[in-house]
Amino acid sequence: MGAAEETRDGVSLTNLDQPLVDGASKRDLVDYLDGVSERILPQLRDRPLSVIRALRGQAPFMQKNLPKYTPEWVRRVSVWAEASQREVSYALCDDRRTLLWFANQRAVEYHPTLARAGRLDRPTHMVLDLDPPEGDSFPSAVAAALLVRQALTDSGLVGAVKTSGAKGVHVFVPVEAGADAEELAAATRALAARAERLDPALATTAFIREDRGGRVFVDSTRAGGATVVAAYSPRLRPGLPVSFPVDWAALPDVTPGDFTVRTVPGLVAERDPWLDLMPEPQVLPAELVEEGRAIPIARVQAMHEGKRRARARRQTG
């Protein structure tokens, strides 16, 4: 068990029959990514890529920096990482061969940046991530996504929606070239705040988990150099569910389990739903950007608040 090997596109694929997660083997992952390569590659091409790998006997981990044994034919780009104060060598997964190499590395999840290599200060999409509380709460994420859609409509914008493949929902808004990362981040904060105001009992922009009170977190932090799991990417969960595009009208009727490495190839054989559903790039409204500039950056605000609370706890003893 586990010794099955074959070669595709010059890539040696090994141990294909090893288990990967409950209900799926490494072969299931490889066959899926190969089968949908024409759909997922446009989401990855020319974008610095982080992957989540699941090696045998190890906890899953996110890999940004390419390992030293990476084949020289894998395209890459060096990006300065402020957090770690070093250059990170990211892969650019531009072709089937690179995708197969990643699959053989047991890379299950694919998280590209929102900007392309060479223009990392110009994200191509604004993204809101709807993160529901623990439990069987996908319907609440859907309800919050519909609030975001209303906020977009009120702002003169339209977006496309996909399941995250986990328990949440992602709303993507393509933007015209020209807006920089700061403007996109501001507009994203403003949209999140507008969605929250539509139903504060359902949605919250509170970054600190204990402040959410069982509400859906409207995450506006997927901006700048952030990554978001790609449409058609598997997720590292039992059965390998997939992040999948959904028409707005159908969103209340689907569940994340509808889309897995077994069901998705048939759904994308004849068409690319993400391409079909994605609107044309739009100009960011100036008033949305200005409104967002007055809203504190969630991570920074949460960091300061966390320090303040820690001080208060120490003082009360």
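Residues numbered from 1 in each chain as written. Predicted model: local features only at pLDDT ≥ 70, side-chain atom pairs only at ≥ 80, totals over all residues. Heavy atoms only, no water.

- As recorded in an unreviewed UniProt entry, the protein chain goes by the name DNA ligase D, listed as coming from Micromonospora avicenniae.

**Here we look at helix 3 (residues 96-104)**
Step number 1: Burial of helix 3 is extensive: seven of the nine residues sit out of reach of the surface.
Step number 2: Along helix 3, the residues classified as buried are Thr98, Leu99, Leu100, Trp101, Phe102, Ala103 and Asn104.
Step number 3: Immediately beyond the C-terminal end of helix 3, within one or two residues, lies arginine 106, with a positive phi of roughly 60 degrees. (Buried < 20%, exposed > 50% of the residue type's maximum accessible area, 1.4 Å probe, protein only. Helix = DSSP H or I, 4+ residues; strand = E, 2+ residues; numbered from the N terminus.)

**Regarding the pattern of salt bridges**
Step number 1: All told, the structure shown has 20 salt bridges when counted by the stated rule.
Step number 2: One salt bridge connects arginine 119 with aspartate 121, and the closest N-O pair in it is separated by 3.9 Å.
Step number 3: In this structure, a network of salt bridges that share partners links the residues Glu6, Arg8, Asp9, Asp17, Arg27, Asp31, Asp34 and Arg96. (Salt bridge = Lys/Arg side-chain N within 4 Å of Asp/Glu carboxyl O.)

**Side note on the packing of aromatic side chains**
Step number 1: Applying the stated criterion to the full structure yields six aromatic pairs.
Step number 2: Seen from their ring centres, phenylalanine 172 and tryptophan 274 are 5.3 Å apart, and the 80 degrees between their planes marks the pair as edge-to-face. Pair noted here: phenylalanine 172 is in strand 12 (residues 169-174) and tryptophan 274 is in helix 7 (residues 273-277), with a separation of 102 residues, a long-range link. With respect to burial, phenylalanine 172 and tryptophan 274 carry one shared label: buried.
Step number 3: Their ring planes at 80 degrees and their centres at 6.0 Å tell us that phenylalanine 207 and phenylalanine 217 sit as a pair that is edge-to-face. In this pair, phenylalanine 207 sits in the loop between strand 13 (203-204) and strand 14 (216-219) while phenylalanine 217 sits in strand 14, placing the two residues 10 residues apart along the sequence.
Step number 4: Site record: aromatic cluster; members linked through ring pairs are Trp101, Phe102 and Tyr110.
Step number 5: Its guanidinium or amino end placed over the ring of tryptophan 73, arginine 97 lies 3.9 Å from that ring's centre, counting from NZ or CZ.
Step number 6: Sitting over the ring of phenylalanine 217, arginine 212 keeps its end group 3.9 Å from the ring centre. (Phe/Tyr/Trp six-rings, centres within 6.5 Å; stacked < 30°, edge-to-face > 60°. Lys NZ or Arg CZ within 6 Å of the ring centre and 35° of its normal.)

**Quick look at the packing of helix 1 (residues 26-35) against helix 3**
Packed helices, taken two at a time, are described by the angle between their axes plus the distance between the axes.
Step number 1: Contact geometry of helix 1 with helix 3 gives a least axis separation of 9 Å together with a crossing angle of 165 degrees. Between helix 1 and helix 3, the angle is such that the two are roughly antiparallel. Remark: the crossing between helix 1 and helix 3 carries right-handed chirality. Here Lys26, Leu29, Val30, Leu33 and Asp34 of helix 1 lie close against helix 3, whose contacting residues are Arg96, Leu99, Leu100, Ala103 and Asn104.
Step number 2: Among the residues forming the contact of helix 1 with helix 3, the class breakdown is six nonpolar, one polar and three charged. (Axes fitted to C-alpha atoms, helices over the stretch in contact; angles between N-to-C directions. Parallel < 35°, antiparallel > 145°, perpendicular 65-115°, else oblique. Left-handed = near helix turned anticlockwise from the far one by under 90°. Contact = heavy atoms within 4.5 Å. Nonpolar A, V, L, I, M, F, W, Y, C, P; charged D, E, K, R; others polar.)

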